[in-house]
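A look at the structure
What follows is the residue order along each chain.
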Amino acid sequence: MKQIANMQEISFTDELLPSLIWMAALYLRCDGRRATKVIVEFIKDAESVFGEKRPQPLHEIGNFSLLSSEQKQIIYDAVKDKKYFETLLDNLEHQYHLLKDYPLSFLFEEHIYAVDKIEALEMLSEDVKNLLDRHSSIATKVQVTAVYTTLETGRLKICHPVKLPDFNAIFTEPDSDEAKHAAAFARANMNGSIGMFRQDNDELNIKAHSWAKYFWAQTFKLSDCISEY
Amino acid sequence: MNIEKFITEYENYLIDSFHELWQKIKVEPDKLGAYSVIGGLLSRQVTLSLELARSPNNWNGHSAPLFLRAMTDLYITLSWILLDLEERAKLYVSHGLGEEKLLVELYKLGIEEAPDKHTKEQMQQIVDIKSSWINSQKMDWAVEVNLGSWSPLDYRKMSQEADCEDLYKFAYKPFSQNSHNMWPHVSVYNSKSCTNPLHRYHIIPELIEAPFEPDFMYRSCKYVNKTFSLFSSTFNIELSKMPLDWWDEYWQENIDKSEKDDVTDKDS
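Basis of the calculations
- Residues numbered from 1 in each chain as written.
- Chains lettered and ligands numbered in written order.
- Predicted model: local features only at pLDDT ≥ 70, side-chain atom pairs only at ≥ 80, totals over all residues.
- Core = buried A, V, L, I, M, F, W, Y, C linked by C-beta atoms within 7 Å.
- Buried ≥ 20, exposed ≤ 12 C-beta atoms within 10 Å, placed from the backbone.
- Helix = DSSP H or I, 4+ residues; strand = E, 2+ residues; numbered from the N terminus.
- Contact = placed C-beta atoms within 7 Å.
- Nonpolar A, V, L, I, M, F, W, Y, C, P; charged D, E, K, R; others polar.
- Expected span 1.5 Å × (residues − 1).
- Arc of directions from axis to C-beta.
- Domains from an automatic or database assignment.
- Axes fitted to C-alpha atoms, helices over the stretch in contact; angles between N-to-C directions.
- Parallel < 35°, antiparallel > 145°, perpendicular 65-115°, else oblique.
- Left-handed = near helix turned anticlockwise from the far one by under 90°.

**Quick word on the nonpolar core**
- Judged by nonpolar contacts, the single largest core of 48 residues is most densely connected at A:Leu20, A:Met23, A:Ala24 and A:Val142.
- Looking at this core, the elements that each hand over two or more residues are helix 1 (12-29), helix 2 (32-48), helix 4 (85-98), helix 5 (117-132), helix 6 (137-152), helix 8 (177-197) and helix 9 (211-222) of chain A.
- Residues contacting A:Val142, with those up to four places away along its chain left out, are A:Leu20, A:Met23, A:Ala24, A:Tyr27 and A:Leu131.
- Of all hydrophobic cores here, the second largest spans 36 residues; its members include B:Val37, B:Leu52, B:Ala89 and B:Ala171.

Here it is in structure tokens:
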């Protein structure tokens, strides 16, 4: 396979997981319908403030780190009074608390919270653990929702003959063939996204961020190795 | 399992059967060099099995494959040589002499660069011993140094020619992973996973006590059996008892006996 031209080796865990970790937190601690609504509405609102000059897809939170302070402020002003805002912050405060330069930290400016560090660490471990197996239920929901936001924001356009899977199937009938189709569609789409945004490309106006590397460097230092038989 | 009894009896059996086998082979006077090679290889195969048997601490996945890799390598070498005894035995010897000649030259360079007289003298002694070993077989100026492999084929092709490709695929190759410290071995026998998701379940070094596996000893006996069979079929000779027959008899007898002992113990 690696002999095929333009074929690149990518790693979901190393390169993309840190940018999707926020969604895992929501799916782990909220009802599925509610989590989807919060994620999709937040991304739609955040991207809509840019009009024609859209940034790189914001469902990958690493892309927030490429925005200027002014741009972040505009997003903050646009979303702070939304109904989903408190749910979003309540479910991400452990990540904000533990991770330095968390790409969504600008949302927490006025948020008052109290987090126990040990509890926060356990929650972050759980978020990561659920995404490390890319085929797990949570990881599938996260990836499908990521693709769904690109459809909702008009980034991903599907040509007529391509049959779009029913993404709801992963919530309503997770063992069905339709759900498997949706999950496979989402994983393939994520793979393409990793390849596309992994390095700067002036022609396509793409800028790579370093959040994934930074995330893993930090998480490695947050706790010691656990070794047991 | 009475290991001490097993070792003693296995040792006695292998030594006797080795002598019995070699005595039955009619060495052809015009091919003495070739018979020296195959005789030496036969002895080495038996020695490797004896040495493994004498070290039950090594009957585990860390150490036993070091022996078994050498034993499978030897079997492929021997079976390939036996297909053209004279020519291939010559190749085998010539390559060995060349290797030693190269080593002698490297020592000579080392002597020039050695910092003190004592080191120079020690290295000179090695040069003298090795040169004399080479010259006892062939004048060293006539020895060619061949930097490649001793045979024109790699081990896979040799095993194909010698009709033992399965041994190559399913024994030689996996045991090579151990001998060459390759990842499939090191990641299993010298590592374990950190279960911290924040560390991405990375693999960390560990000193693992590998379980005691007498099966490694059985395999060693099996390779001696294969080697003896090769001699039997090539030279049309028969051995009074083959290693695997000895193995089966030994365990049949001793398992029966230990079962009887158990019953007696319970009755009393």
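So that's the structure; there's more coming.
**Focus on the interface of chain B and chain A**
- With ten residues of chain B at the contact, the number on the chain A side is 14 residues.
- A breakdown of the residues in the side of chain B that touches chain A according to their chemical character gives five nonpolar, three polar and two charged.

**Digging into the environment of B:Ile7**
Residue and element names in this part refer to chain B.
- Along the chain, the position of Ile-7 falls in helix 1 (residues 3-24).
- For the pair Ile-7 and Arg-54, spaced 47 residues apart in the sequence, the C-alpha separation amounts to 6.2 Å.
- Those residues in contact with Ile-7 that sit more than four places away from it in its chain are Ala-53 and Arg-54.

**Things to note about unusual backbone geometry**
Residue and element names in this part refer to chain B.
- Despite not being glycine, Asn-181 has its phi angle at roughly 55°, a positive value.
- Summarising the element assignment, Asn-181 is placed in the loop between helix 7 (165-179) and helix 8 (183-189).
- Its identity is not glycine, yet Tyr-201 carries a phi of approximately 50°, on the positive side.
- Looking at where Tyr-201 falls in the secondary structure, it is placed in the loop between strand 1 (191-193) and strand 2 (203-205).
- A tally of 14 C-beta atoms within 10 Å means that Tyr-201 is categorised as partly exposed.

**Topic: helix 2 of chain A**
Residues and elements named next belong to chain A.
- Its 17 residues place the ends of helix 2 24 Å apart at the C-alpha level, agreeing with the 24 Å of an ideal helix rising 1.5 Å per residue.
- Among the residues of helix 2, those classed as buried are Ala-35, Thr-36, Val-38, Ile-39, Phe-42, Ile-43, Ala-46 and Glu-47. The arc that holds the buried residues of helix 2, viewed along the axis, is 165°, so those residues lie on one side. Residues of helix 2 that are exposed and point over 90 degrees away from its buried face: Arg-33 and Ser-48.

**Concerning the domain arrangement of chain B**
All names here are of chain B.
- Examined at the domain level, chain B breaks down into domain 1 (3-93 + 154-180 + 212-267) and domain 2 (181-211).
- Here the C-alpha centre of domain 2 lies 32 Å away from the C-alpha centre of domain 1.
- Taken together, the residues of the side of domain 1 that touches domain 2 sort by class into one nonpolar, six polar and one charged.

**Concerning helix 4 (residues 85-113) of chain B**
Residues and elements named next belong to chain B.
- End to end, helix 4 covers 42 Å across 29 residues, agreeing with the expected 42 Å (1.5 Å per residue, within 8%).
- Those residues of helix 4 that sit buried are Arg-88, Ala-89, Tyr-92 and Leu-97.
- Buried residues along helix 4 sit in contact with helix 2 (32-53), helix 3 (64-81) and helix 5 (117-135).

**Some remarks on the packing of helix 2 of chain A against helix 6 of chain A**
All names here are of chain A.
- At a closest axis distance of 10 Å, the pairing of helix 2 and helix 6 adopts a crossing angle of 40°. Between helix 2 and helix 6, the angle is such that the two are oblique. Once helix 2 is placed against helix 6, the crossing between them reads as right-handed. Each of Gly-32, Thr-36, Ile-39, Val-40, Ile-43 and Lys-44 in helix 2 lies in contact with helix 6, whose residues at this interface are Lys-141, Thr-145, Tyr-148, Thr-149 and Glu-152.
- Along the lines of polarity and charge, the residues of the contact of helix 2 with helix 6 split into four nonpolar, four polar and three charged.

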